[in-house]
Amino acid sequence: QVQLVESGGGLVQAGGSLRLSCAASGGTFSDYTMGWFRQAPGKEREFVAAISWSGGSTYYPDSVKGRFTISRDNAKNTMYLQMNSLKPEDTAVYYCAGPGPWMLSMRPNEYTYWGQGTQVTVSS
């Protein structure tokens, strides 16, 4: 069974940056497509980014494109989410998930395992 553990969340002012990490264990991380999602109170889980097994393909929604960058280090079994120019509306619990489908997907139900989440709070 794959275990995913997120870290790196915290409180930051609008315009600031954070880098989230997702450490994977229990599976062959380098074979998996992976994704980041977020969920704000009272809202549905929202797709943030996805990355192919090699890191060669990435996918973002318009809401974060140009501000967030997903990456991975397969030697360390770790995925990252660099978040720049943060806005108050980015406030949410951020989750990593995988494996996902080989065609990068924004649908949460297409990802098998989930981490426990890390809180990101952006103050105005």
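Residues numbered from 1 in each chain as written. Predicted model: local features only at pLDDT ≥ 70, side-chain atom pairs only at ≥ 80, totals over all residues. Heavy atoms only, no water.

1. Things to note about the sheet that holds strand β8 (residues 78-83)
Condition: By this definition, two strands are paired if DSSP reports at least two bridges between them. Secondary structure elements are defined from DSSP: runs of H or I of at least 4 residues count as helices, runs of E of at least 2 residues count as strands, and each element is numbered from the N terminus. Angles shown run from 0 to 180 degrees and are taken between the N-to-C directions of axes, each axis being a line fitted to C-alpha atoms and, for helices, limited to the stretch in contact.
With antiparallel pairing, four strands are arranged side by side in an open sheet as β1-β3-β8-β7. Only two strands of the sheet have a single neighbouring strand rather than two, namely β1 (3-7) and β7 (68-73). Across the sheet, the axes of successive neighbouring strands diverge by a mean angle of 15 degrees, strand direction being ignored. Examined bridge by bridge, β7 and β8 share six bridges and lie antiparallel to one another. Following the sheet pairing, R72 is matched in β8 by M79.

2. Examining the pattern of salt bridges
Rule in force here: Note on definitions: salt bridges are taken to be side-chain nitrogens of Lys or Arg within 4 Å of carboxyl oxygens of Asp or Glu.
In this structure the tally under the stated criterion is five salt bridges. With a closest N to O distance of 2.9 Å, D90 and R38 form a salt bridge. A residue pair is termed long-range when its members are at least 10 positions apart, and D90 in the loop between β8 and β9 (92-100) and R38 in strand β4 (residues 33-39) qualify at 52 residues. Residues participating in the shared-partner salt-bridge network are R38, E46, R67 and D90.

3. Considering the pairing of strand β5 (residues 46-51)
Stated precisely, the cut-off is as follows: Residue exposure (1.4 Å probe, protein chains only): buried if accessible area is under 20% of the type maximum, exposed if over 50%, otherwise partly exposed.
Most of β5 is tucked away, with five of its six residues classed as buried. Relative to β5, β4 runs antiparallel, the two sharing five bridges. Bridging from a neighbouring strand, G35 pairs with A50 of β5. Hairpin remark: β4 followed by β5, antiparallel, with six residues in the connecting loop; positive phi at G42, about 75 degrees. Bridge count between β5 and strand β6 (residues 58-59): two bridges; the pairing is antiparallel. Across the sheet, the residue bridging to I51 is T58, located in β6. Here β5 folds back onto β6 in antiparallel fashion, the turn holding six residues, of which G55 has a positive phi close to 85 degrees.

4. Here's the deal with the nonpolar core
Threshold: Only buried residues count toward a nonpolar core. Its members are Ala, Val, Leu, Ile, Met, Phe, Trp, Tyr and Cys residues joined through side-chain atoms within 4.5 Å. Every residue pair with non-hydrogen atoms within 4.5 Å of one another is taken to be in contact.
Formed by 28 residues in total, the largest nonpolar core has its most connected members in W36, M79, L81, M83 and Y94. Residue contributions to this core peak at four residues, all from strand β3 (residues 18-25). Dropping the residues within four chain positions of it, L81 is found in contact with L18, R19, L20, W36, V48, A49, F68, T69, I70 and Y94. Core analysis: the second largest hydrophobic core is formed by five residues, F37, F47, A97 and Y111 among them.

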